[in-house]
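Reading the structure
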Amino acid sequence: MKVGVLFSGGKDSALAALLLAPHYEVELNTFSFDQNRDLGAVEAAAAVLGLPWWHRLLPDGLLETALDRLVADGYPGGAINLVHRAALKALAGSYRVVADGTRFDDRVPMLDPGEARSLMDRFGCSYLRPLLGFPRAEVDRLADRHLVVERGETGRMPNGDYEDELRAGLRRRGIDPAPLFPPVHEQTLVRGRMG
């Protein structure tokens, strides 16, 4: 059976995909607001994993809604969760099984148990989170054991994270994103697999 995995190109979504691969036919899916967004590094990360990859578009109008939410809240959590939910719903329209790389200690993006049940009930799908029992320290240990990972600051790391497009959207509105986001936020990009 196929599983559609949300894939940013980073270690969490890569590990989730690798954990599912022995049991499912994994397809990696990266969502963006812009069809022309350069996701070459994400596509290369998928190729390193040896898994098929798709670039999918988020619904029209969602970026503006997410930006409005971000500005109103004064921090990015609600906006990122809004985008994540939309991506999962879009995946659930194409796959009977959907998955992401959310961890035990993630706050964003994260669906609470009620939202997860609602997604499954509404779309008749299964929603898998293979890393949900793993805190970041253990995910880092697994990543170091199985993946070659590049680490860098958000905005400087070419990945498929939603945050980069939200920051760019704020700049287009003439708003400096720096005060609205954490000052230091590490992103990762899978560059290879350990032998």
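Now for a look at the structure at hand. Note that the structure is a prediction, hence the values are computed from the model and not measured.

Cut-offs used in this document
- Residues numbered from 1 in each chain as written.
- Predicted model: local features only at pLDDT ≥ 70, side-chain atom pairs only at ≥ 80, totals over all residues.
- Heavy atoms only, no water.
- Phe/Tyr/Trp six-rings, centres within 6.5 Å; stacked < 30°, edge-to-face > 60°.
- Lys NZ or Arg CZ within 6 Å of the ring centre and 35° of its normal.
- Axes fitted to C-alpha atoms, helices over the stretch in contact; angles between N-to-C directions.
- Helix = DSSP H or I, 4+ residues; strand = E, 2+ residues; numbered from the N terminus.
- Parallel < 35°, antiparallel > 145°, perpendicular 65-115°, else oblique.
- Contact = heavy atoms within 4.5 Å.
- Salt bridge = Lys/Arg side-chain N within 4 Å of Asp/Glu carboxyl O.
- Buried < 20%, exposed > 50% of the residue type's maximum accessible area, 1.4 Å probe, protein only.
- Pairing = 2+ DSSP bridges.
- Left-handed = near helix turned anticlockwise from the far one by under 90°.
- Nonpolar A, V, L, I, M, F, W, Y, C, P; charged D, E, K, R; others polar.
- Lys, Arg positive; Asp, Glu negative; His and termini not counted.

What about the packing of aromatic side chains?
Under the definition given, this model contains 0 aromatic pairs. A cation over a ring is seen here: Arg167 above Phe181, with NZ or CZ 4.3 Å from the ring centre.

Re the packing of helix 1 (residues 11–20) against helix 6 (residues 136–146)
Relative orientation of the contacting elements helix 1 and helix 6 amounts to 75°, with a least axis distance of 10 Å. With respect to each other, helix 1 and helix 6 are oriented roughly perpendicular. Together, Lys11, Asp12 and Leu15 of helix 1 and Val139, Asp140, Leu142 and Ala143 of helix 6 make up the contact between the two elements.

Digging into the pattern of salt bridges
Counting across every chain of the model gives 19 salt bridges. Among the salt bridges present, the one from Lys11 reaches Asp140, with a minimum N-O distance of 3.0 Å. Linking Lys11 in helix 1 with Asp140 in helix 6, this pair joins segments that are 129 residues apart in sequence. A single burial state applies to Lys11 and to Asp140, both of which are buried. A relative accessible area of 18% means that Asp140 is categorised as buried. Residues joined by salt bridges that share partners form a network here, namely Lys11, Asp12, Arg103, Asp105, Asp106, Arg136, Asp140, Asp144, Arg151 and Glu186.

Re the sheet that holds strand 5 (residues 126–128)
With parallel pairing, the 5 strands of this open sheet are ordered in space as 3-2-1-4-5. Looking at which strands have only one partner, the edges of the open sheet turn out to be strand 3 (53–57) and strand 5. Each neighbouring strand pair of the sheet contributes to a mean axis angle of 30°, computed without reference to strand direction. Strand direction decides the pairing type here: strand 2 (residues 25–32) and strand 3, joined by 5 bridges, are parallel. Looking across to strand 3, one finds that Leu28 is bridged to Trp53.

Considering the side chain of Asn81
Following the sequence through the fold, Asn81 ends up in helix 4 (residues 77–92). Asn81 gets classed as buried once you look at its relative accessible area, which sits at 12%. With residues near it in sequence (within four places) discarded, Asn81 still touches Arg107, Val108, Pro109 and Met110.

Section: the environment of Pro22
By secondary structure assignment, the location of Pro22 is in the loop between helix 1 and strand 2. Each C-alpha atom of the pair Pro22 and Ala79 lies 33 Å from the other, and the pair is 57 residues apart in sequence.

Observations concerning the packing of helix 3 (residues 62–73) against helix 4
Packing of helix 3 against helix 4 brings their axes to within 8 Å, and their N-to-C directions diverge by 155°. When the axes of helix 3 and helix 4 are compared, the pair comes out roughly antiparallel. Note on packing geometry: the crossing formed by helix 3 with helix 4 is right-handed. Contacts between helix 3 and helix 4 involve Leu62, Thr65, Ala66, Arg69, Leu70 and Asp73 from the first element and Gly78, Ala79, Leu82, Val83 and Ala86 from the second. Its residues placed into classes, the contact of helix 3 with helix 4 shows 7 nonpolar, 2 polar and 2 charged.

Side note on the side chain of Asp161
Here Asp161 shows up in the loop between strand 6 (147–153) and helix 7 (162–172). Buried within the structure, Asp161 lacks any salt-bridge partner; its nearest side chain of opposite charge belongs to Arg37, at an N-O separation of 6.9 Å. If we skip the residues at most four places from it in the chain, Asp161 touches Ser8, Arg37 and Gln187.

Thoughts on unusual backbone geometry
Residue Val108 is joined to Pro109 through a cis peptide bond whose omega torsion reads -15°. Structurally, Pro109 is set in the loop between strand 4 (97–99) and helix 5 (113–123).

What about the environment of Leu6?
Within the element layout of this structure, Leu6 appears in strand 1 (residues 2–6). Overall, Leu6 belongs to the buried group, its relative accessible area being 7%. C-alpha separation for the pair Leu6 and Val98, spaced 92 residues apart in sequence, amounts to 7.9 Å. For Leu6, the residues in contact, after removing those within four places along its chain, are Ser13, Asn29, Phe31, His84, Ala87, Leu88, Leu91, Ala99, Asp100 and Tyr162.

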